[in-house]
Structure formats: C-alpha cells, structure tokens
Amino acid sequence: MTDDTPLELATRYRDAFFARDVDAIMALVTPDFVFENVTGGERIEGAEAARAHIAAIFARWPDLRFEEPHGGILAGDGHIVAEWTARAT
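Colleague: So what about the overall build of the chain? Which residues, and what values?
Modeller: A tally of helices and strands in the chain yields 3 helices and 6 strands. Computed over its C-alpha atoms, the radius of gyration of the chain comes to 13 Å, within 12% of the 12 Å expected for a compact globule of 89 residues. Seen along its three principal axes, the alpha-carbon backbone of the chain occupies a region of about 35 × 30 × 25 Å. For the chain, the residues scored as buried account for 26% of the 89 residues in total. At a minimum sequence separation of 6, the contacts of the chain that also span at least 24 residues come to 37%. A total accessible area of about 5900 Å² is found for the chain, and carbon and sulfur atoms account for 53% of it. Charge-centre separation for the chain: the mean point of 8 positive side chains lies 7 Å from the mean point of 16 negative side chains.

Colleague: Please give an account of helix H3 (residues 47-60) that cites residues and values.
Modeller: An α-helix turns once per 3.6 residues; consequently, residues spaced three or four apart project the same way. For H3, built from 14 residues, the straight-helix expectation of 20 Å at 1.5 Å per residue is met to within 8% by its first-to-last C-alpha distance of 20 Å. Residues Ala47, Ala50, His53, Ile54, Ile57 and Phe58 constitute the buried set of H3. Buried residues of H3, viewed axially, fall in a sector of 135 degrees; they line one side. Exposed residues on H3 whose side chains face more than 90 degrees from its buried face are Glu48, Ala52 and Ala59.

Colleague: Kindly report on unusual backbone geometry, identifying the contributing residues and their values.
Modeller: We note that arginine 20 has phi near 60 degrees; this positive angle belongs to a residue other than glycine. With respect to the helices and strands, arginine 20 occurs in the loop between helix H1 (6-18) and helix H2 (22-26).

Colleague: Residues and numbers for the nonpolar core, please.
Modeller: Core analysis: the biggest nonpolar cluster contains 18 residues, and Tyr13, Phe17, Ile25, Phe33, Phe35, Ile54 and Phe58 have the highest contact counts within it. Those elements that provide at least two residues to this core are H1, H2 and H3. Looking at this core, the element that brings in the most residues is H3, giving 5 residues.

Colleague: Account for the confidence of the model for the chain, naming residues and giving values.
Modeller: On average, residues of the chain score 91 in pLDDT, and 98% of them are at 70 or above. Per-element confidence in the chain ranges from a low mean pLDDT of 88 for strand S4 (residues 74-75) to a high of 98 for H2.

About the thresholds
Residues numbered from 1 in each chain as written. Predicted model: local features only at pLDDT ≥ 70, side-chain atom pairs only at ≥ 80, totals over all residues. Heavy atoms only, no water. Helix = DSSP H or I, 4+ residues; strand = E, 2+ residues; numbered from the N terminus. Rg over C-alpha atoms; globule rule 2.2 N^0.38 Å. Buried < 20%, exposed > 50% of the residue type's maximum accessible area, 1.4 Å probe, protein only. Contact = heavy atoms within 4.5 Å. Areas by Shrake-Rupley, 256 points an atom, 1.4 Å probe, with all protein chains shown as cover. Lys, Arg positive; Asp, Glu negative; His and termini not counted. Charge placed at Lys NZ, Arg CZ, Asp CG, Glu CD. Expected span 1.5 Å × (residues − 1). Arc of directions from axis to C-beta. Core = buried A, V, L, I, M, F, W, Y, C linked by side-chain atoms within 4.5 Å. pLDDT = per-residue confidence, 0-100.

Here's what the structure looks like:
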C-alpha cells in the first residue's frame, strides 16, 4: 500500500485504466477487490477474477478509449466520484 490520498489513489487507478495497463491497475487493489460496471451490469469479485475480466475487456475492444465529460475525478471528505465515457468499435 502507499500513503496516497484517496484522490491520488483514484487518479492512479484512472490513469492505469485509461492506459489499459492491467498490471498497474492490479498493483493498486487488494485481494478482495470488486470491479463493478454499473452500465454493463457486471460485478466481478476478487482480484484474480477482476484481472482476467479487465484484460478481456481490453482484448475485446483494442481501440477502447475514455473521455471524462465533466472534468475528471471529484473528491469529498469520504468519497470519490468519477464519470467516464468509454468508446470503442
């Protein structure tokens, strides 16, 4: 673990995801990590299952890219909020 603030950690996660770097993503999570894609109706529990699922997403859509329509990640006292739009063919 690091001494990152929640916002710094969320930013590192976002940057790794946008870079499609599965190893960097997984370096930031714990074994009980839950990956939830609300719009896709997906909930993957456990770091190893999430690793496979995220890698499959990147393999399925090799041109996957992301946009942040409202300026990126916002942080409050006890929460982080981010909105991403994913585009792929």
